[in-house]
Amino acid sequence: MSQPSAENLPFLGWVSELTRTQVHALTRIARHEGLSSEDALDAIQEAFHTYLQLPHARSLSDDREDSRALLSVLVRNTARNMRRRHHRAMPHEDVDTVQELSAPQPPADELLVLAEDHVKLRGCVNKLNEVQRHVVTMRMLEEVTGAEVARELSLTPGHVAVLLHRAKAELQRCVMS
């Protein structure tokens, strides 16, 4: 195995010194860009690799502040590229879903009328007695069969049907008033 030449030792020593002294600052930069700890180290390694391939990397070893600044920029750009590639690799919504979301919504005055009707209906439901409220809730909202409602409330199916019929009539009177 060959030994590094004498002229490479100062440069390699400078690179390892730069690595030791700047790893925390570079990690903060990558983490600030939204990378995990592991991804931050990958970004730093990739930035160092890019840095060492630059034709003027050797000449920068004389100016430590410029080399630190350049390395910081390389880490930041690498982190942003990694984050962007990760985002693009994630599954995205199909066009139909986006079109559904952008479908026109009813005007505010219609939404207000619907909200007022909803509040009025909830008030009318709350005026029903407890058994009627349960029957209406289970049959109309939860869509439970009459037989299941009867079994759950310990009633006969006929009694459930009568309670539902009377509750509907009462709700209709209440809503119309």
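As a reminder, the structure under discussion sits directly above these lines.
What comes next is a walk through the structure. Please read all numbers here as calculations on a predicted model, not as lab measurements.

Observations concerning helix H9 (residues 157-176)
Under the 1.5 Å per step criterion, the end-to-end length of H9 is 29 Å for 20 residues, consistent within 8% with the ideal 28 Å. If you check which residues of H9 are buried, you get Val160, Leu163, Leu164, Ala167, Leu171 and Cys174. All buried residues of H9 lie within an arc of 100° about the axis, which places them on one face of the element. Of the residues in H9, the exposed ones pointing more than 90 degrees away from the buried face are His165, Arg166, Gln172, Arg173 and Met176. Taken together, the buried residues of H9 touch helix H6 (108-127), helix H7 (130-141) and helix H8 (146-153).

Focus: the packing of H7 against H9
For the pair H7 and H9, interaxial distance at closest approach is 9 Å and the crossing angle is 95°. Between H7 and H9, the crossing angle belongs to the class labelled roughly perpendicular. In this structure, H7 contributes Val131, Gln132, Val135, Val136, Arg139 and Met140 to the contact, and H9 contributes Val160, Leu163, Leu164, Arg166, Ala167, Lys168, Glu170 and Leu171. Looking at side-chain class alone, the contact of H7 with H9 contains nine nonpolar, one polar and four charged residues.

Considerations on a negative patch on the surface
Side chains of Glu38, Asp39, Asp42 and Glu46 sit close together on the surface and give a patch of like negative charge. By relative accessible area, glutamate 46 is classed as partly exposed at 36%.

The rules behind each value
- Residues numbered from 1 in each chain as written.
- Predicted model: local features only at pLDDT ≥ 70, side-chain atom pairs only at ≥ 80, totals over all residues.
- Heavy atoms only, no water.
- Helix = DSSP H or I, 4+ residues; strand = E, 2+ residues; numbered from the N terminus.
- Expected span 1.5 Å × (residues − 1).
- Buried < 20%, exposed > 50% of the residue type's maximum accessible area, 1.4 Å probe, protein only.
- Arc of directions from axis to C-beta.
- Contact = heavy atoms within 4.5 Å.
- Axes fitted to C-alpha atoms, helices over the stretch in contact; angles between N-to-C directions.
- Parallel < 35°, antiparallel > 145°, perpendicular 65-115°, else oblique.
- Nonpolar A, V, L, I, M, F, W, Y, C, P; charged D, E, K, R; others polar.
- Patch = residues over 30% accessible without salt bridge, like charges linked within 9 Å, V, L, I, M, F, W, Y side chains within 5 Å.
- Areas by Shrake-Rupley, 256 points an atom, 1.4 Å probe, with all protein chains shown as cover.
- Salt bridge = Lys/Arg side-chain N within 4 Å of Asp/Glu carboxyl O.
- Lys, Arg positive; Asp, Glu negative; His and termini not counted.
- Charge placed at Lys NZ, Arg CZ, Asp CG, Glu CD.

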